[in-house]
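# Structure assessment
These are the residues of each chain, in order.
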Amino acid sequence: MSQITLLCVFLFAFLSQSICLSKLTHKKHGSQIRGMFVFGSSLVDNGNNDFLPNSIATADYSPYGADFPLGPSGRFTNGKNVIDVLGEKLRLPNYIPPFNDPSTNGSKILHGVNFASGGSGILDVTGAPAGVTNLNQQIRNFESAILPDFELQLGENSTEIIMSEFLFVVGSGGNDYSLNYFRSNNTNITLEDFTANLTITLSLQLKRLYDLGARKFVLMAINPNGCSPSATVRSPTRDCVEILNRASQMFNSNVKKLVDDIRSRLPGSNLVFVNTYKVIEDILRFPINRGFTDAKSACCEVGVTGILCKRGGLICPNRREYVFFDGLHPTEAVNYVIGSKAFVSFLRDEVYPFNVKRLSEI
């Protein structure tokens, strides 16, 4: 090979990597965040289950996406979910693409990838009959597919540095109770012991992400699922199911403590706990004060599962005034409240120890 040819090859490789880096390093307004990697269940799923052949937990049909620019997209709400809202606040250029979409590769991954799978849990067995992807497998997908693609585009040294400038958002745990602990009628383990085991498992998963380069974590609480329409419909008085809420509170308390514990054990890590339970609980207590007129009913016509919307079913016209879109998941209006508070709230019972905006500027 001639010297001129070698020079051309070198220049092409150098310029290709430079172009990728130039796309990646555009920052605005003090934020050091280039994108997000998202793990968890349906509250943060951007459409992964649509590409799973055996999944029975999908939202790729109307009326889901009624207010989303792209229509039904696999998001379990009428419009944007909390990940989309955080992306807006961080001024990311695009929606975070779902990992299972075959087109999610190359330059499309440079601002992050969403691995979340509706119906999944922290534990491998949670949601397994539904054909979804558990949290451990989501992390393996990040390690085996996305990291090598990053290294191919940016070089191994650049990738190691760049990973510290992504948010790693983890929103999982609710299904481990509703689709596992409470459904199995397990009397061999107390709720306290189950929650402790769940917390330990989550801490190991976060450690694995840290070992793969993650440094900035956003940990989402479990919502007050005992107050969701799918839960309250079981009560003659439509009251919240307190045992479900107690489980959520117990888990959330452990995760909040985990923030301090992990930061002390993993050098260079920073974690934010977003207490979505508190945010939604405040809306449910005083809905009118926060612009909501219905805090008990599902906006859509719910199907036989009691949770998901009926395919092609009816939908409420005033979606901005509803707290719940289906039997479990909040409307876009609530997601905007959660995302906004996660980003700028100074209340430590909503965000701990500080908000996502501050995390993005570290």
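Residues numbered from 1 in each chain as written. Predicted model: local features only at pLDDT ≥ 70, side-chain atom pairs only at ≥ 80, totals over all residues. Heavy atoms only, no water.

### Points about the overall build of the chain
When helices and strands are counted, the chain shows eleven helices and eight strands. The C-alpha atoms of the chain give a radius of gyration of 21 Å, which matches the 21 Å a tight globule of 362 residues would have. Summarising its shape, the C-alpha atoms of the chain cover approximately 85 × 45 × 40 Å along the three principal directions. Counting the 362 residues in the chain, one finds 57% classified as buried. Put simply, of all contacts in the chain between residues at least 6 apart along the chain, 71% involve residues at least 24 apart. With an accessible surface of roughly 16,000 Å², the chain has 56% of that area assigned to carbon and sulfur atoms. Distance from the positive charge centre (34 side chains) to the negative charge centre (32 side chains) of the chain: 4 Å. (Helix = DSSP H or I, 4+ residues; strand = E, 2+ residues; numbered from the N terminus. Rg over C-alpha atoms; globule rule 2.2 N^0.38 Å. Buried < 20%, exposed > 50% of the residue type's maximum accessible area, 1.4 Å probe, protein only. Contact = heavy atoms within 4.5 Å. Areas by Shrake-Rupley, 256 points an atom, 1.4 Å probe, with all protein chains shown as cover. Lys, Arg positive; Asp, Glu negative; His and termini not counted. Charge placed at Lys NZ, Arg CZ, Asp CG, Glu CD.)

### Remarks on helix H2 (residues 82-89)
The buried fraction of H2 amounts to six of the eight residues, a majority that puts the element mostly inside the structure. On its buried face, H2 sits against strand S1 (35-40), strand S2 (112-114), strand S3 (166-171), strand S4 (216-220) and helix H10 (332-344). The residue sitting at the N-terminus of H2 and contributing the capping side-chain oxygen is Asn81; that oxygen lies 3.1 Å from the backbone nitrogen of Ile83. With its phi angle positive at about 60°, Arg91 sits one or two positions after the end of H2. (Polar contact = N/O pair within 3.5 Å; in protein donor to acceptor, adjacent residues only side chain to side chain.)

### A word on the pairing of S4
With five of its five residues buried, S4 lies for the most part within the structure. Of the pairings in the sheet, the one linking S4 to strand S5 (residues 270-274) comprises five bridges and is parallel in character. When the sheet's bridge partners are listed, Leu219 is paired in S5 with Phe273. (Pairing = 2+ DSSP bridges.)

### Looking at the state of the cysteines
Taken as a whole, this structure holds three disulfides when the rule is applied. The partner cysteine of Cys299 in its disulfide is Cys316, sulfur to sulfur 2.0 Å. On the S-S bond that ties Cys299 to Cys316, the torsion sits near -95°, and the link is left-handed. Residue Cys299 is located in the loop between strand S6 (294-298) and strand S7 (322-324), and its partner Cys316 is located in the loop between S6 and S7; the two are separated by 17 residues in the primary sequence. Overall, Cys299 belongs to the buried group, its relative accessible area being 6%. (Disulfide = S-S within 2.5 Å.)

### Structural notes on the layout of surface pockets
Gaps left between atoms show up when a probe the size of a water molecule is rolled over them. Its volume calculated, the largest pocket comes out at about 990 Å³. Around the largest pocket, the lining comprises 45 residues; the ones closest to its centre are Asn175, Ser178, Leu179, Ile307 and Leu328. Those elements that provide at least two residues to the lining of the largest pocket are helix H5 (174-181), helix H7 (229-232), helix H8 (242-265) and H10. Counting residues per element, the lining of the largest pocket draws most heavily on H5, which supplies four residues. Class assignment of the residues belonging to the lining of the largest pocket gives a composition of 23 nonpolar, 20 polar and two charged. (1 Å grid on protein atoms, 1.4 Å probe; cavity = no way out; pocket = protein on both sides within 12 Å on 5 of 7 lines; lining within 4 Å. Points joined across faces, edges and corners; volume = space filled by probe spheres on them. Nonpolar A, V, L, I, M, F, W, Y, C, P; charged D, E, K, R; others polar.)

### Re unusual backbone geometry
The linkage connecting Ser62 with the following residue, Pro63, adopts the cis geometry, with an omega of 15°. Checked against the element boundaries, Pro63 lands in the loop between S1 and H2. Look at the link from Tyr352 to Pro353: it is a cis peptide, with omega at -5°. For Pro353, the position within the fold is in the loop between strand S8 (351-352) and helix H11 (356-361). In the Ramachandran plot, Arg91 falls in the positive-phi region, its phi being about 60° despite a non-glycine side chain. Mapped onto the secondary structure, Arg91 falls in the loop between H2 and S2. Notably, Arg238 is not glycine yet its phi reads approximately 60°, a positive angle. Along the chain, the position of Arg238 falls in the loop between H7 and H8.

### Some remarks on H8
One turn of an α-helix holds 3.6 residues; hence residues three or four places apart share an orientation. Between the first and last C-alpha of H8 there are 34 Å, a value that for 24 residues agrees with the 34 Å anticipated at 1.5 Å per step. Maximal helix bending in H8 amounts to about 25°, located at Leu258. (Expected span 1.5 Å × (residues − 1). Bend = angle between axes of the 7 residues up to and from the residue.)

### A look at the side chain of Ser345
Here Ser345 lies in the loop between H10 and S8. One polar contact links the side chain of Ser345 to the main-chain amide nitrogen of Leu347, over a distance of 3.1 Å. In this structure Ser345 touches Ser340, Glu350, Val351 and Asn355, once residues within four positions along its chain are discounted.

### Description of empty space enclosed by the protein
Applying the stated criterion across every chain yields a total of three cavities of 30 Å³ or more. The computed volume of the largest cavity comes to approximately 70 Å³. Around the largest cavity, the lining residues are Gly174, Tyr177, Ser178, Phe182, Ile222, Asn225, Gly226, Leu244, Ala247 and Ser248. For the lining of the largest cavity, the secondary-structure elements that each account for two or more residues are H5 and H8. Taken together, the residues of the lining of the largest cavity break down into five nonpolar, five polar and no charged. In this model, the second largest cavity occupies a volume close to 50 Å³.

### What about the packing of helix H6 (residues 191-211) against H8?
Running from N to C, H6 and H8 point in directions that differ by 40°, and their axes come no closer than 10 Å. Judged by the inter-axis angle, H6 sits oblique to H8. The crossing of H6 and H8 is right-handed. Contacts between H6 and H8 pair Leu191, Glu192, Thr195, Ala196, Leu198, Thr199, Leu202, Ser203 and Leu206 from the former with Ile243, Arg246, Ala247, Met250, Phe251, Asn254, Val255, Leu258 and Ile262 from the latter. (Axes fitted to C-alpha atoms, helices over the stretch in contact; angles between N-to-C directions. Parallel < 35°, antiparallel > 145°, perpendicular 65-115°, else oblique. Left-handed = near helix turned anticlockwise from the far one by under 90°.)

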